[in-house]
Amino acid sequence: MMEGNYSKNKFFLVLALLNMAATLVKGQGTRVGFYSTSCPLVESIVSSTVQSHLQSDPSLGPAILKMHFHDCFVHGCDASILINGPDTEKTAPPNLGVRGSEVTDDAKAQVEATCPGVVSCADILALAARDAAKGQKWDVPTGRRDGKVSLASDADNLPAFTDPIEELRRKFAAFGLNARDLVTLVGAHTIGTTACEFFSYRLFNFSATSNGADPSINPDFVSQLRTLCPSNEDGTRRVALDTDSVDSFDA
Ligand code: HEM
């Protein structure tokens, strides 16, 4: 029961923090319903566009949520990750696996057809990330301005899977986020998949103890993970981050 309450509380904290992250933008003055007069249909256009893409490929949901995080971590949530060109953010190594821009491009085209020149790409990405997190809904303040700067080198501050916890704390602290915020936001890994290569190196030939695994991982969990990612398997094999509910943003 206590564990259930803890999960529930933690879950609502994730929503609150995602809401907060959605507000972490360069310009001030974002609010829910920013386009209620200038483009009243924007939220329904983005939502229906996202849903139609998810129907043909549900894996785009977590991909868009992750893209929003990778956008927000560099110059704030300003859609700088969507800018094309040599040496832009999207060409940086941490962003090479980022997918889903066809969905935001499609949503942008449809919004432009209804309200030309009104809605920023940054807002479309923030709304799409909310709609892509299937299973939940939260209010997204809008009114962001699009960034004009997009440099691959600026993506160096994105968290890496090899970062020790102190480094992750430091990177999040740079945005005014504390350790609790960090743990809560990482709760977004309740949806989507990961490639084996991001953790299988900790399962085999990692240490002289613990049967070769990282001794900091629970041995029962090591066995489960080894079944999912056998040592000789291709590191690009993908496994669910949250077993049994890979497409659902649940507790
Ligand atoms: C603490 C820092 C974080 C690290 C080191 C990290 C690392 C990773 C890694 C290694 C993957 C697997 C990528 C792949 O196989 O292509 C992943 C997936 C994902 N991450 Fe994170 N992440 C972090 C924080 C976050 C945050 C804060 C969010 C969102 C608020 C997020 C959302 C996601 C999602 C939704 C996926 C699944 C993507 C998919 O299925 O396509 N991550 N993350």
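- Naming follows an unreviewed UniProt entry, where the protein chain appears as peroxidase of Gossypium aridum.
- Within the UniProt record for the protein chain, the comment given under Function (unreviewed entry) is "Removal of H(2)O(2), oxidation of toxic reductants, biosynthesis and degradation of lignin, suberization, auxin catabolism, response to environmental stresses such as wounding, pathogen attack and oxidative stress. These functions might be dependent on each isozyme/isoform in each plant tissue."

### Thoughts on the side chain of Arg130
Logical step 1: Its location among the elements puts Arg130 in helix α5 (residues 121–132).
Logical step 2: Looking at Arg130, its side chain comes within polar contact range of the side chain of Glu43, at 2.8 Å.

### Some points on the coordination of the iron atom of the ligand
Logical step 1: The protein supplies the iron atom of the ligand with one donor atom, His189 (NE2), which lies at 2.1 Å.
Logical step 2: Looking at the element boundaries, His189 is found in the loop between α7 (179–186) and β1 (193–195).

### Concerning the packing of helix α6 (residues 165–173) against α7
Logical step 1: Where α6 contacts α7, the axes come no closer than 9 Å and their chain directions differ by 100°. Judged by the angle between their axes, α6 and α7 are roughly perpendicular. Along its contact with α6, which presents Ile165, Leu168, Arg169 and Phe172, the element α7 presents Ala179, Leu182 and Leu185.
Logical step 2: Partitioning the contact of α6 with α7 into residue classes produces 6 nonpolar, no polar and 1 charged.

### A word on the environment of Glu102
Logical step 1: Inspection of the secondary structure assignment puts Glu102 in helix α4 (residues 101–114).
Logical step 2: Along the backbone, Glu102 and His53 are 49 residues apart, and their C-alpha atoms lie at a distance of 9.1 Å.
Logical step 3: In contact with Glu102, other than residues within four places in its own chain, are His53 and Leu60.

### Concerning the nonpolar core
Logical step 1: Counting 34 residues, the largest nonpolar core has Val42, Val46 and Val111 as its most contacted members.
Logical step 2: Looking at this core, the elements that each hand over two or more residues are α2 (42–56), α3 (60–72), α4 and α5.
Logical step 3: Looking at which element gives the most residues to this core, the answer is α5, with 8 residues.
Logical step 4: When neighbours within four sequence positions are excluded, Val111 is seen to be in contact with Cys39, Val42, Ile45, Val46, Pro116, Val119 and Ile124.
Logical step 5: Core analysis: the next-biggest nonpolar cluster, separate from the first, contains 11 residues, Ala92, Ala155, Phe172 and Leu177 among them.

### Section: the UniProt feature "binding site: heme b" (unreviewed entry) in the protein chain
Logical step 1: Mapped onto this numbering, the UniProt entry annotates "binding site: heme b" (unreviewed entry) at His189.
Logical step 2: Apart from the residues lying within four places of it in its own chain, the contact partners of His189 are Leu241 and Asp242.

### Looking at the state of the cysteines
Logical step 1: This structure, assessed with the given rule, holds 3 disulfides.
Logical step 2: Shown here is the disulfide that connects Cys39 with Cys115, its sulfur atoms set 2.0 Å apart. Classification of the bridge connecting Cys39 and Cys115 rests on its S-S torsion, roughly 75°, and on that basis the disulfide is right-handed. Placement of Cys39 in the loop between α1 (2–23) and α2 and of Cys115 in the loop between α4 and α5 is noted, with a sequence separation of 76 residues between them.
Logical step 3: Overall, Cys39 belongs to the buried group, its relative accessible area being 0%.

### A word on the site of the ligand
Logical step 1: Near the ligand lie 23 residues; those nearest to it are His189, Thr193, Ala195, Phe198 and Arg238.
Logical step 2: His189 places a polar side-chain atom, nitrogen or oxygen, 2.9 Å from a nitrogen atom of the ligand.
Logical step 3: At a separation of 2.9 Å, an oxygen atom of the ligand approaches a polar backbone atom of Ala195.
Logical step 4: For the shell around the ligand, the elements supplying multiple residues, two or more each, are α3, α6, α7 and β1.
Logical step 5: Take the shell around the ligand: its biggest share by element is 4 residues, from α3.
Logical step 6: A class-by-class count of the residues in the shell around the ligand yields 17 nonpolar, 4 polar and 2 charged.

### Some thoughts on the environment of Ser80
Logical step 1: Among the structural elements, Ser80 can be located in the loop between α3 and α4.
Logical step 2: For the pair Ser80 and Cys121, spaced 41 residues apart in sequence, the C-alpha separation works out to 9.1 Å.
Logical step 3: In this view, Ser80 contacts Asp71, Val74, Glu89, Val149 and Ser150; residues no more than four positions away in its chain are not counted.

### Describing the packing of aromatic side chains
Remark: the centre distance and the inter-plane angle together describe each pair of aromatic rings, the angle taken between the planes.
Logical step 1: This model, assessed by the stated rule, comprises 9 aromatic pairs.
Logical step 2: Judged by centre distance (5.0 Å) and plane angle (85°), the rings of Phe34 and Tyr35 are edge-to-face.
Logical step 3: Judged by relative accessible area, Tyr35 falls into the buried class, the value being 4%.
Logical step 4: When the centroid spacing of 5.2 Å and the interplanar angle of 70° are considered together, the rings of Phe69 and Phe73 count as edge-to-face.
Logical step 5: Here Phe69 falls in the partly exposed class, since its relative accessible area comes to 31%.
Logical step 6: Taken together, the ring pairs in this structure connect Phe69, Phe73, Phe172 and Phe175 into an aromatic cluster.

Conventions used here
- Residues numbered from 1 in each chain as written.
- Predicted model: local features only at pLDDT ≥ 70, side-chain atom pairs only at ≥ 80, totals over all residues.
- Heavy atoms only, no water.
- UniProt positions renumbered as here; feature names shortened; annotations may be inferred.
- Helix = DSSP H or I, 4+ residues; strand = E, 2+ residues; numbered from the N terminus.
- Polar contact = N/O pair within 3.5 Å; in protein donor to acceptor, adjacent residues only side chain to side chain.
- Donors = N, O, S within 2.8 Å, 3.2 Å for Na, K, Ca; no water.
- Axes fitted to C-alpha atoms, helices over the stretch in contact; angles between N-to-C directions.
- Parallel < 35°, antiparallel > 145°, perpendicular 65-115°, else oblique.
- Contact = heavy atoms within 4.5 Å.
- Nonpolar A, V, L, I, M, F, W, Y, C, P; charged D, E, K, R; others polar.
- Core = buried A, V, L, I, M, F, W, Y, C linked by side-chain atoms within 4.5 Å.
- Buried < 20%, exposed > 50% of the residue type's maximum accessible area, 1.4 Å probe, protein only.
- Disulfide = S-S within 2.5 Å.
- Near = heavy atom within 4 Å.
- Phe/Tyr/Trp six-rings, centres within 6.5 Å; stacked < 30°, edge-to-face > 60°.

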